[in-house]
Amino acid sequence: MRLAALFLLTTLMVGCMSYPDTGAAGADQNRLTGQEVIDSGETNLYDAVMRLRPRWIRSNTVVYMDGVSIGGTDALRDWPQDTALSMEWLDPMQASGRLPDFNPSNVAGVIVIRTR
């Protein structure tokens, strides 16, 4: 019985954990500036996003760079943190309106990177 109670308590505690505070009060959680990414101290875009906006990293997220799909979130590992001028999270409906070749099927969201 004690083991079950301990398990339940642990499960509840883990479930209630929040994401870390990753910015100033009022910071837009759907955007990152290039300076924020550089200031993260990480060496690639994937690690910077994991540090600053971990909710963006999902198994069914796609990444667009300058309007071109570059794959899933693992593609961010190939790009140094100083690549991005800005980054933005879009839900599938927003992405459908902004990315002409986007197909929202089975996609949780889109990370849009602007480099120029």
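Up top is the structure these notes are about.
A brief report on the enclosed structure follows. (Residues numbered from 1 in each chain as written. Predicted model: local features only at pLDDT ≥ 70, side-chain atom pairs only at ≥ 80, totals over all residues. Heavy atoms only, no water.)

## Description of the overall build of the chain
A count of helices and strands for the chain gives 4 helices and 5 strands. Counting helices and strands in the order they occur from the N terminus, the chain gives α-β-α-α-β-β-β-α-β. A buried classification covers 34% of the 116 residues belonging to the chain. Taking the intrachain contacts of the chain between residues at least 6 apart in sequence as the baseline, contacts between residues at least 24 apart amount to 62%. In the form shown here, the chain has an accessible surface area of approximately 7,400 Å², with 57% of it arising from carbon and sulfur atoms. (Helix = DSSP H or I, 4+ residues; strand = E, 2+ residues; numbered from the N terminus. Buried < 20%, exposed > 50% of the residue type's maximum accessible area, 1.4 Å probe, protein only. Contact = heavy atoms within 4.5 Å. Areas by Shrake-Rupley, 256 points an atom, 1.4 Å probe, with all protein chains shown as cover.)

## A few points about the pairing of strand β4 (residues 86-90)
Most of β4 sits out of view: 4 of its 5 residues are buried. Inspection of the sheet shows strand β1 (residues 31-33) paired to β4 by 3 bridges, in the antiparallel sense. When the bridges of β4 are listed, T33 appears paired with S86. Pairing of β4 with strand β5 (residues 109-114) involves 5 bridges; the strand directions are antiparallel. Of the residues in β5, the one forming a bridge with S86 is R114. (Pairing = 2+ DSSP bridges.)

## Structural notes on the pairing of strand β2 (residues 61-65)
The buried fraction of β2 amounts to 4 of the 5 residues, a majority that puts the element mostly inside the structure. Examined bridge by bridge, β2 and β5 share 5 bridges and lie parallel to one another. Note that in β5 the partner of M65 across the bridge is I113. Pairing geometry for β2 and strand β3 (residues 68-72), over 4 bridges, is antiparallel. When the sheet's bridge partners are listed, V63 is paired in β3 with G71.

## Section: the environment of L85
Structurally, the position occupied by L85 is in the loop between β3 and β4. If we ignore the near neighbours within four places in the chain, the residues touching L85 are T33, G34, R114, T115 and R116.

## Comments concerning the sheet that holds β3
If you walk across this open sheet you meet the 5 strands as β1-β4-β5-β2-β3, and the pairing is mixed. Looking at strand neighbours, the two that pair on one side only are β1 and β3, the edges of this open sheet. Strand after strand, the sheet turns through a mean of 20° between neighbouring axes, direction not considered. (Axes fitted to C-alpha atoms, helices over the stretch in contact; angles between N-to-C directions.)

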